[in-house]
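# Coordinates in review
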Amino acid sequence: MTRVVGGCRRSVLNMRSGTRRATGQLAGLPRELLARSMELLNMVDLGQVCCVNKDWRNAAEEDAVWRFWWARRFREDPPPQRGRARAGHLKQLHRYRLEDPLVGDKVEVSWEGRFRLESLDVFVGRSWWEATVVQKMDGFKYKIHYPGWDSNWDEWVVRDRLRWPVDPSYLSTTFRVREVVEVWCTGTHVKGAWLQARVRQIKQDQVSLKNVLASSPRTVWVPRSKVRRVCTGASCVNSSSRNGSRRRGGGRSSKLDASRQEALARALRGLSAGARRLPRAGLAGLRGAVRRRASLSRMRRGGGGGGGGGIV
Amino acid sequence: MATESGSSSRVQKTTSSDGAVGSARTTRTDTGASSSGAVTLVSMDGDGFVVEASAIEVSKLLKAMVDGPTENAAKEIPLTNMRSNVVAKVVEFCQHHQTDPMTDIPKPVQFGKTVGDHVQEWYSTFVKALKDEMLFEMLLAANYLDLSPLLELCAATVGLRAMNKTPEEIQREFNIKEPFSPEVERTLRQENKWSTEPPIGS
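The shown structure was predicted, so the numbers you read here are calculated from the model rather than taken from an experiment.

What counts and what doesn't
Residues numbered from 1 in each chain as written. Chains lettered and ligands numbered in written order. Predicted model: local features only at pLDDT ≥ 70, side-chain atom pairs only at ≥ 80, totals over all residues. Helix = DSSP H or I, 4+ residues; strand = E, 2+ residues; numbered from the N terminus. Buried ≥ 20, exposed ≤ 12 C-beta atoms within 10 Å, placed from the backbone. Contact = placed C-beta atoms within 7 Å. Pairing = 2+ DSSP bridges. Core = buried A, V, L, I, M, F, W, Y, C linked by C-beta atoms within 7 Å. pLDDT = per-residue confidence, 0-100. Axes fitted to C-alpha atoms, helices over the stretch in contact; angles between N-to-C directions. Left-handed = near helix turned anticlockwise from the far one by under 90°. Nonpolar A, V, L, I, M, F, W, Y, C, P; charged D, E, K, R; others polar. Parallel < 35°, antiparallel > 145°, perpendicular 65-115°, else oblique. Expected span 1.5 Å × (residues − 1).

Below, the discussion takes up the overall build of chain B. Within chain B, the regular secondary structure consists of nine helices and four strands. Each helix and strand of chain B, placed in order from N terminus to C terminus, yields the pattern α-β-β-β-α-β-α-α-α-α-α-α-α. When burial is assessed residue by residue, chain B has 43% of its 202 residues classed as buried. A fraction of 51% describes how many contacts in chain B between residues 6 or more apart in sequence connect residues 24 or more apart.

Have a look at this one:
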């Protein structure tokens, strides 16, 4: 019953792939098993795993891993087939597909500034609006339509203002004070948007968000269930260093950087004009009417009712 | 005599009487196994593990062997590529799976979630008890036996250890030798930037 440990381990390995070195270490798993382990990671992690070493990169670029992501995002269009696909082919296709949305794709468009839904409260900050690409132009310009909104809100935007709807696996329900979260603002008759905000305070199931409204008090309390945090993974720790280069076509630089974001928000807070989605009557008349003790929940019910300020 | 080391499975505990040192084969009988549908799994060390045929049906390979037209009377399945403690763990897993099937682990797993958030407690403690080396062999065994719940559980455990980590942290976590040279790594990071910025752009 005595046996050589090294010898037996090698034979276990041999049943899968004889050529592998018998390290017995998790990192040295056969590629298909390593790829299998990575299948439940999301793209942020896959991007990190690629940089670990050669074996891990090969596993993380297996088509099996990326086929899952393709099916998840682009359910309607199956990946283009090629006769002889090289390693990492599907990953590369996925990247191109993400970087350049097609007509009909559902995306989200950012809007930095003020906006207002059915109630009289004016939100301020960076918000993400659901949209559909309806037309495309060279140079990564897209004409987008906001579902539920009149077509005269359609506009041409550059690639940098678009993002894909956040995959549920990136979302976290846990967050801390000072972290940037997104809160869902909505009206009764119109679709709302995800508004980015910083957490000021957390009390049980209520969260206080900083600088959400255009007029004081700018802080509001919202139920925790309406707040979410988008996780960007370990990579976002040194996001400032990643701000330098831009993807092709993008005219403006990324606004991912938190400090830049804040600076922008600060600048915007100072502005009195530049409101979007405001009734043609203008801001001036509105500002006085904004209720002081506004809360998002009340707003959601549509304080202004159906006639709420002539949006759409 | 290193066979018994590091394994504390239920199967072996129930057979404390087998102290036959030096015997070429020790057959371990589990309490649940009846004589009728019993199958003996023989490890590479020559140890036999008697299990109910219905319990190992979760493994497609073993099921095919048990159901095969050329049924061997002894119903012995040699697993010449697995050590005794691996077979013991596999048997333990199969027996529990029969009574309480493992819940599926969603794909992809949400940020910050662990295996324990998705599977029953028994499974999370089962997989937590496995050392790295054991986990490695279990993965190979599960793959070989086409034992999908066990494969899923072990693969998820390995995968989640890489979650939410930078490449350096992963290298440390898995004790990875032969990393990329700094220049290559820089290029790769640049190349993969699109996937590490999910909220904007991708």
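What follows is about the overall build of chain A. Within chain A one finds nine helices and 11 strands. Counting the 312 residues in chain A, one finds 32% classified as buried. Long-range pairs, those at least 24 residues apart, make up 57% of the contacts in chain A between residues at least 6 apart in sequence.

All names here are of chain A. Relative to strand E2 (residues 122–137), strand E1 (residues 106–116) is paired through 11 bridges, and the arrangement is antiparallel. For phenylalanine 115, the partnering residue across the bridge sits in E2 and is phenylalanine 123. Hairpin connection, E1 to E2: the antiparallel pair is bridged by five residues. The pairing of E2 with strand E8 (residues 193–203) spans three bridges and is antiparallel. Within E8, the position partnered with tryptophan 129 by the bridge is alanine 193. When E2 meets strand E3 (residues 141–145), the two strands line up antiparallel, connected through five bridges. By the bridge assignment, glutamine 135 is partnered in E3 with lysine 143. In sequence, E2 turns back onto E3 through a hairpin of three residues, with glycine 139 there showing a positive phi of about 80 degrees.

Our focus in this paragraph is the nonpolar core. With 72 residues, the main nonpolar core has Val49 of chain A together with Leu139 and Cys154 of chain B as its most contacted residues. Every residue in contact with cysteine 154 of chain B, bar those within four places of it in the chain, is listed here: Val127, Leu135, Met138, Leu139 and Ala142 of chain B.

Our next topic: the confidence of the model for chain B. Residue and element names in this part refer to chain B. Averaged over chain B, the pLDDT score is 77; the fraction of residues at 70 or greater is 75%. Here helix H1 (residues 10–13) stands out as the least confident element of chain B, with mean pLDDT 40; helix H4 (residues 121–128) is the most confident, with 93. Confidence over residues 1–25 falls short of pLDDT 50; this stretch has 33 contacts with residues more than four positions distant or in other chains. Long-range and interchain partners of residues 198–202, a stretch whose pLDDT sits below 50, account for 20 contacts in this model, where long-range means more than four residues apart. Complex prediction metrics read pTM 0.69 and ipTM 0.76.

The next point concerns the packing of helix H3 (residues 84–99) of chain B against helix H5 (residues 132–145) of chain B. All names here are of chain B. At a minimum axis distance of 10 Å, the contact between H3 and H5 shows a crossing angle of 65 degrees. Regarding H3 and H5, the two cross each other, and that crossing is right-handed. Contacts from Val86, Lys89 and Val90 in H3 reach Glu137, Met138, Ala141 and Leu145 in H5. Grouping the amino acids of the contact of H3 with H5 by side-chain chemistry returns five nonpolar, no polar and two charged.

Now for the packing of helix H5 (residues 63–73) of chain A against helix H6 (residues 89–99) of chain A. For any two helices packed against each other, the geometry comes down to the angle between their axes and how far apart the axes lie. Residues and elements named next belong to chain A. Between H5 and H6, the least distance of the axes is 8 Å, while the angle of their chain directions is 30 degrees. Regarding the angle of H5 to H6, the classification is roughly parallel. For the pair H5 and H6, the contacting residues are Asp63, Trp66, Arg67, Trp69 and Trp70 in the first and His89, Leu90, Lys91 and His94 in the second. Of the residues contributing to the contact of H5 with H6, the split by class is four nonpolar, two polar and three charged.

Now for the confidence of the model for chain A. All names here are of chain A. On average, residues of chain A carry a pLDDT of 69, and 64% of them reach 70 or more. Note on residues 1–22: pLDDT is under 50 here. Beyond four places in sequence and across chains, it has 30 contacts. The model gives residues 235–312 a pLDDT under 50, and that stretch makes 114 contacts with residues more than four places away or in other chains.

For the rest of this paragraph, the subject is unusual backbone geometry. In this model, lysine 107 of chain B is joined to proline 108 of chain B through a cis peptide bond whose omega is -10 degrees. Looking at the secondary structure, you find proline 108 of chain B in the loop between H3 and H4. Even without being glycine, arginine 178 of chain A reaches a positive phi, approximately 80 degrees.

When the terminal C-alpha atoms of helix H6 (residues 148–160) of chain B are compared, their 18 Å separation across 13 residues agrees well with the 18 Å that a helix rising 1.5 Å per residue should span. Counting buried residues along H6 of chain B, 12 of its 13 residues qualify, which places the element largely inside the surrounding structure. If you follow the buried residues of H6 of chain B, they end up packed against helix H2 (31–38) of chain A together with H3, H4 and H5 of chain B.

This paragraph deals with the pairing of strand E11 (residues 227–230) of chain A. Consecutive side chains of a regular strand alternate in pointing toward one face of the sheet and then the other. All names here are of chain A. As paired elements, strand E6 (residues 171–172) and E11 share two bridges and run antiparallel to each other. Within E11, the position partnered with serine 172 by the bridge is arginine 229. The pairing of strand E7 (residues 180–185) with E11 spans two bridges and is classified as antiparallel. Within the sheet, the bridge partner assigned to glutamate 182 lies in E11 and is arginine 228.

Turning our eyes to something else, we now look at the environment of glycine 159 of chain B. Positionally, glycine 159 of chain B belongs in helix H6. What makes glycine 159 of chain B buried here is the crowd of 24 C-beta atoms within 10 Å.

Below, the discussion takes up the environment of histidine 89 of chain A. All names here are of chain A. Mapped onto the secondary structure, histidine 89 falls in helix H6. Judged by C-beta crowding, with 16 C-beta atoms within 10 Å, histidine 89 ranks as partly exposed. The sequence separation of histidine 89 and aspartate 63 amounts to 26 residues, and the corresponding C-alpha distance is 7.1 Å.

The next point concerns the environment of leucine 29 of chain A. Along the chain, the position of leucine 29 of chain A falls in the loop between helix H1 (5–14) and H2. Leucine 29 of chain A has contacts with Leu34 of chain A together with Phe136 and Leu139 of chain B, leaving out every residue within four places of it along the chain.

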